[in-house]
Amino acid sequence: QVQLVESGGGLVQPGGSLRLSCAASGRTFSTYAMGWFRQAPGKEREFVAAISWTGGNTYYAESVKGRFTISRDNAKNTVYLQMNSLKPEDTAVYYCAAKTRVVAVELSMPRAYNYWGQGTQVTVSS
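From a predicted model like this one, the values you see are computed outputs, not experimental measurements. (Residues numbered from 1 in each chain as written. Predicted model: local features only at pLDDT ≥ 70, side-chain atom pairs only at ≥ 80, totals over all residues. Heavy atoms only, no water.)

1. Concerning the packing of aromatic side chains
Stage number 1. In this structure the tally under the stated criterion is five aromatic pairs.
Stage number 2. Geometrically, the ring pair formed by F37 and Y113 is edge-to-face, given 5.3 Å between the ring centres and 80° between the ring planes. Linking F37 in strand 4 (residues 33-39) with Y113 in the loop between strand 9 (92-99) and strand 10 (115-116), this pair joins segments that are 76 residues apart in sequence.
Stage number 3. Residue F37 is classed as buried on the basis of its relative accessible area, which comes to 0%.
Stage number 4. What makes Y113 buried here is its relative accessible area of 4%.
Stage number 5. Ring-pair connections join several aromatic residues into one group, and the members of that group are F37, F47, Y113 and W116.
Stage number 6. Sitting over the face of the ring of Y95, R45 holds its NZ or CZ atom 3.9 Å from the ring centroid.
Stage number 7. One Lys or Arg, R45, reaches over the ring of W116 and ends 4.8 Å from the middle of that ring. (Phe/Tyr/Trp six-rings, centres within 6.5 Å; stacked < 30°, edge-to-face > 60°. Helix = DSSP H or I, 4+ residues; strand = E, 2+ residues; numbered from the N terminus. Buried < 20%, exposed > 50% of the residue type's maximum accessible area, 1.4 Å probe, protein only. Lys NZ or Arg CZ within 6 Å of the ring centre and 35° of its normal.)

2. Observations regarding the pattern of salt bridges
Charged atoms that come close allow side chains of opposite charge to pair.
Stage number 1. A full pass over the atoms with the stated rule returns four salt bridges.
Stage number 2. Note that R38 is salt-bridged to E46, the shortest N-O span being 2.6 Å.
Stage number 3. For R38, a relative accessible area of 5% corresponds to the buried category.
Stage number 4. Its relative accessible area of 36% is what places E46 among the partly exposed residues.
Stage number 5. Each of R38, E46, R67 and D90 takes part in salt bridges that share partners, so that together they form one network. (Salt bridge = Lys/Arg side-chain N within 4 Å of Asp/Glu carboxyl O.)

3. As for the state of the cysteines
Stage number 1. Tallied over the entire structure, the rule returns one disulfide.
Stage number 2. Paired through a disulfide, C22 and C96 show a sulfur-sulfur distance of 2.0 Å. Across the disulfide from C22 to C96, rotation about the S-S bond amounts to roughly 50°, and the bridge is consequently right-handed. Of this pair, C22 sits in strand 3 (residues 18-26) while C96 is found in strand 9, placing the two residues 74 residues apart along the sequence. Of the two residues examined, C22 and C96, each falls in the buried class. (Disulfide = S-S within 2.5 Å.)

Right, dumping it as structure tokens:
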């Protein structure tokens, strides 16, 4: 079992920055990949970023590449999403997810993950 708790969301102006955190507990954090997804009202959940269990490999959606950075601190059991140059279209509920199963599914796919946090709201508006 893995429990995930996101924090760091809020209201920010266009062009601003936020850092989301996701604290994990349960299974040894350093043994599984992590991902961030988001879901805007009326839209499907979409991939934002993912990171391998070592932190050595990272993956990004084209829409956030160059603006967002995913990282992890295995000593703190935490994964981060640094979001810069935020745009109104980044407004969504952001979810972190853990992939603890060995499945042949790309990290950009929600079905690769078997544990999810409750989400944190990010609103980009002037």
